[in-house]
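Single-letter residue listing:
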Amino acid sequence: MDPANALWIGGPQGSGKTSLARALGARFGLQLYHVDARTGAHEDRMPATELASLTTTDEHADPATMLARFVTTSRHRFRLVLEDLRALPDEPGCVVEGTQLFPTSVSAVLSSPDHALFLAPDLDALRRRLSAGGPIEGTSGRDLLIAQAFETEARELRLPTLRVDRPLDEVIEAAAEAFEPAVERLRRASAAGGTSR
């Protein structure tokens, strides 16, 4: 499938991307692609220099350094995500979700801004959830920086964000409403035997 025809959901850890993608996939009859589920396959396809950045961890690094490493790895993996999507059937469309899907990467392949949605959790609530999980030292700070990076990039690129500070069913309804125009264009293009671009 053409990655430009995918629906993209990006956001920090614990923001509800997977639950949201599953609900939207079921509602709209779309394929699902979870970036985290492809980690092993991506490791096998990465050059040694890129793989080193993926597998090297320093639990004592400061959060800013950990963020920089995560962003670098995410950019490496985005190329592989695009390769994976091109290998999928053209129909039905696909919902792609992952913490690695930063707005600056996704924006390069969008056919329209309404093909993407970036989740913006309440940072205090996210901090509590991450702390309760007993993360590796420093990763809570990194994950909060990731959340801020998503929001900043989406705002600068004028891409849609969705606050996830309400019950999941309300978030699902808001996301479905945001994606509905894109889904309708994909359906019309499919019925006409063309693309949505």
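Residues numbered from 1 in each chain as written. Predicted model: local features only at pLDDT ≥ 70, side-chain atom pairs only at ≥ 80, totals over all residues. Heavy atoms only, no water.

**A look at the pattern of salt bridges**
Heads up, the condition is: For this document, the term salt bridge refers to a Lys or Arg side-chain nitrogen within 4 Å of an Asp or Glu carboxyl oxygen. Helical segments are the DSSP runs of H or I of at least four residues, strand segments are the runs of E of at least two, and each set is numbered from the N terminus. Each residue is assigned to one of three classes by its accessible area relative to the maximum for its type, calculated with a 1.4 Å probe on protein chains only: buried under 20%, partly exposed between the two thresholds, exposed over 50%.
Counted according to the given criterion, the structure contains ten salt bridges. A salt bridge links Asp84 to Arg38, with the shortest nitrogen-to-oxygen separation between them at 3.2 Å. Here Asp84, found in helix 4 (residues 63-86), pairs with Arg38, found in the loop between strand 2 (31-34) and helix 2 (39-45); they are 46 residues apart in sequence, far enough to count as distant. The class for Arg38 is partly exposed, based on a relative accessible area of 28%. We note a salt bridge from Asp114 to Arg185, for which the minimum N-O separation is 2.5 Å. One end of the pair, Asp114, is in the loop between helix 5 (103-106) and strand 4 (116-120); the other, Arg185, is in helix 8 (residues 168-192), and 71 residues separate them in sequence.

**Side note on the packing of helix 1 (residues 17-28) against helix 8**
Our working definition: Helix axes are fitted only over the stretch in contact, all axes being lines through C-alpha atoms; the angle between N-to-C directions runs from 0 to 180 degrees. Note on terminology: angles under 35 degrees are roughly parallel, angles over 145 are roughly antiparallel, angles of 65 to 115 are roughly perpendicular, and the others are oblique. For a crossing to be left-handed, the near helix must be turned anticlockwise from the far one by less than a right angle; the clockwise case is right-handed. Contacts: residue pairs with any heavy atoms within 4.5 Å of one another. Polar here means any residue outside two lists: the nonpolar Ala, Val, Leu, Ile, Met, Phe, Trp, Tyr, Cys and Pro, and the charged Asp, Glu, Lys and Arg; Gly therefore counts as polar.
Interhelical geometry of helix 1 versus helix 8 gives an angle of 50° and a closest axis separation of 10 Å. When the interaxial angle is binned, helix 1 and helix 8 end up oblique. Judged by the twist between their axes, the crossing of helix 1 over helix 8 is right-handed. The residues of helix 8 that touch helix 1, namely those facing Ser19, Leu20, Ala23, Leu24, Arg27 and Phe28, are Leu168, Val171, Ile172, Glu173, Ala175, Ala176, Phe179, Glu180, Val183 and Arg187. Along the lines of polarity and charge, the residues of the contact of helix 1 with helix 8 split into eleven nonpolar, one polar and four charged.

**Some points on the pairing of strand 4**
Note the cut-off: Strand pairing requires that DSSP identify at least two bridges connecting the strands.
Counting buried positions along strand 4 gives five out of five residues, so the element sits mostly inside the fold. What you see with strand 4 is no split at all: Ala116, Phe118 and Ala120 on one side and Leu117 and Leu119 on the other are buried throughout. The pairing of strand 1 (residues 7-10) with strand 4 spans three bridges and is classified as parallel. Note on strand 4: the bridge partner recorded for Gly10 is Phe118. With three bridges joining them, strand 4 and strand 5 (residues 161-163) adopt parallel strand pairing. Following the sheet pairing, Phe118 is matched in strand 5 by Thr161.

**Overview of the side chain of His42**
If you trace the backbone, His42 turns up in helix 2. Owing to a relative accessible area of 0%, His42 belongs among the buried residues under this scheme. With sequence-adjacent residues up to four places away left out, His42 is seen in contact with Tyr33, Arg77, Leu80, Val81 and Asp84.

**As for the packing of aromatic side chains**
Operational definition: For Phe, Tyr and Trp, rings pair up if their centres lie within 6.5 Å, where Trp contributes its six-membered ring, and each pair is then called stacked (planes under 30 degrees apart), edge-to-face (over 60) or tilted (otherwise).
Per the stated rule, a full pass over the model turns up four aromatic pairs. When the ring of Trp8 is compared with that of Phe78, the centres are 5.6 Å apart and the planes differ by 40°; the resulting orientation is tilted. Remark: Phe78 occurs in helix 4 and Trp8 occurs in strand 1; sequence separation between them is 70 residues. Under the relative-accessibility criterion, Trp8 is labelled buried at 0%. With a relative accessible area of 7%, Phe78 lands in the buried category.

**Observations concerning the side chain of His115**
Here is the rule: Under this definition, polar contacts are N or O atom pairs within 3.5 Å; protein pairs additionally need one hydrogen-donor-capable and one acceptor-capable atom, and for neighbouring residues in sequence, both atoms have to be side-chain atoms.
Looking at the secondary structure, you find His115 in the loop between helix 5 and strand 4. At 3.5 Å, the side chain of His115 and the side chain of Ser111 are in polar contact.

**Considering the environment of Asp114**
For the pair formed by Asp114 and Ala178, sequence separation is 64 residues and the distance between their alpha carbons is 6.9 Å. Those residues within four positions of Asp114 in sequence are excluded, and the remaining contacts are Ala178, Phe179, Pro181, Ala182 and Arg185. Of note is the side chain of Asp114, whose polar atom sits 2.5 Å from the side chain of Arg185.

**Some thoughts on the pairing of strand 3 (residues 94-98)**
Strand 3 sits mainly inside the fold: five of its five residues count as buried. Residues of strand 3 alternate between two faces, with Cys94, Val96 and Gly98 on one and Val95 and Glu97 on the opposite face, all of them buried. Where strand 1 and strand 3 come together, four bridges link them in parallel fashion. Among the inter-strand pairings, Leu7 is bridged to a residue of strand 3, identified as Val95. With four bridges connecting them, strand 2 and strand 3 associate as parallel partners. By the bridge assignment for strand 3, Gln31 is matched with Cys94.

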